[in-house]
Amino acid sequence: MKSNFNDLNWHDAELQSIHIDRTNAGERDEIVIVVCWPDETIDELTFYDCYAFEAKMNFGVIAIESILKADFTQCSELLDTIKCKWDKSGADFGDLGQYTIETNSTKSRLIICARGFSMKRVTK
């Protein structure tokens with residue numbers, strides 16, 4: 001299932017888990033999040049070919065991790081920094097993007113810089 005990140009029904013979805021896969025570092029750098037959507041379907045989103053991950057998570061609040069909003073962009077200071085760092089490698093970063101997820105409950109923020117993402121439905 002392929003979808004446009006910005007078109008997903010993020011508001012009031014629930015962030016259930018985050019997994020970082022570095023089992024084959026440099027070759028397979030992935031971040032997987034599990035999201036329960038407002039219609040109660042659950043998807044696993046895998047961000048692949050990751051170049052950066054920033055997380056500011058606030059804990060201690062007894063509430064589901066409700067998502068306020070999420071956004072994809074290909075223009076940001078963080079992306080410019082990554083491209084500058086890797087410029088001499090000759091790599092093409094035309095598909096590199098920044099995925100940002102902000103939550104309601106804890107005012108947490110995730111920023112993932114990756115070449116893309118895929119979605120897979122999780123059965124209960």
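The structure under discussion appears in the preceding block.
Pairing within the open sheet is antiparallel, and its 6 strands lie in the order β1-β2-β3-β6-β5-β4. Two strands close off the open sheet at either side, each with one partner strand: β1 (14-24) and β4 (67-73). With direction set aside, neighbouring strand axes in the sheet form an average angle of 35°. Alignment of β1 against strand β2 (residues 28-36), held across 8 bridges, turns out to be antiparallel. Each bridged residue has a counterpart across the sheet, and for Asn 24 the counterpart in β2 is Arg 28.

Moving on, we get to the side chain of Ser 76. Relative to the helices and strands, Ser 76 is located in the loop between β4 and α1 (77-86). Residue classification places Ser 76 among the buried residues on the basis of a relative accessible area of 14%. A distance of 3.1 Å separates a polar atom in the side chain of Ser 76 from the backbone nitrogen of Leu 79.

On to the side chain of Gln 98, then. Mapped onto the fold, Gln 98 is located in strand β5 (residues 97-103). A residue is classified by how much of its surface remains accessible, and Gln 98, at 9% relative accessible area, is buried. Within the local environment of Gln 98, its side chain forms a polar contact with the side chain of Ser 76, the two groups lying 2.7 Å apart. Dropping the residues within four chain positions of it, Gln 98 is found in contact with Asp 71, Phe 72, Thr 73, Ser 76, Leu 78, Leu 79, Ile 111, Ile 112 and Cys 113.

Let's shift gears to the environment of Gln 16. Tracing the backbone through its elements, the reader meets Gln 16 in strand β1. Residue Gln 16 is classed as partly exposed on the basis of its relative accessible area of 37%. Gln 16 sits 19 residues away from Val 35 along the chain, and the two C-alpha atoms are 5.7 Å apart. Excluding its chain neighbours within four sequence positions, the residues that come into contact with Gln 16 are Val 34, Cys 36 and Ile 42.

About the cut-offs
Residues numbered from 1 in each chain as written. Predicted model: local features only at pLDDT ≥ 70, side-chain atom pairs only at ≥ 80, totals over all residues. Heavy atoms only, no water. Pairing = 2+ DSSP bridges. Helix = DSSP H or I, 4+ residues; strand = E, 2+ residues; numbered from the N terminus. Axes fitted to C-alpha atoms, helices over the stretch in contact; angles between N-to-C directions. Buried < 20%, exposed > 50% of the residue type's maximum accessible area, 1.4 Å probe, protein only. Polar contact = N/O pair within 3.5 Å; in protein donor to acceptor, adjacent residues only side chain to side chain. Contact = heavy atoms within 4.5 Å.

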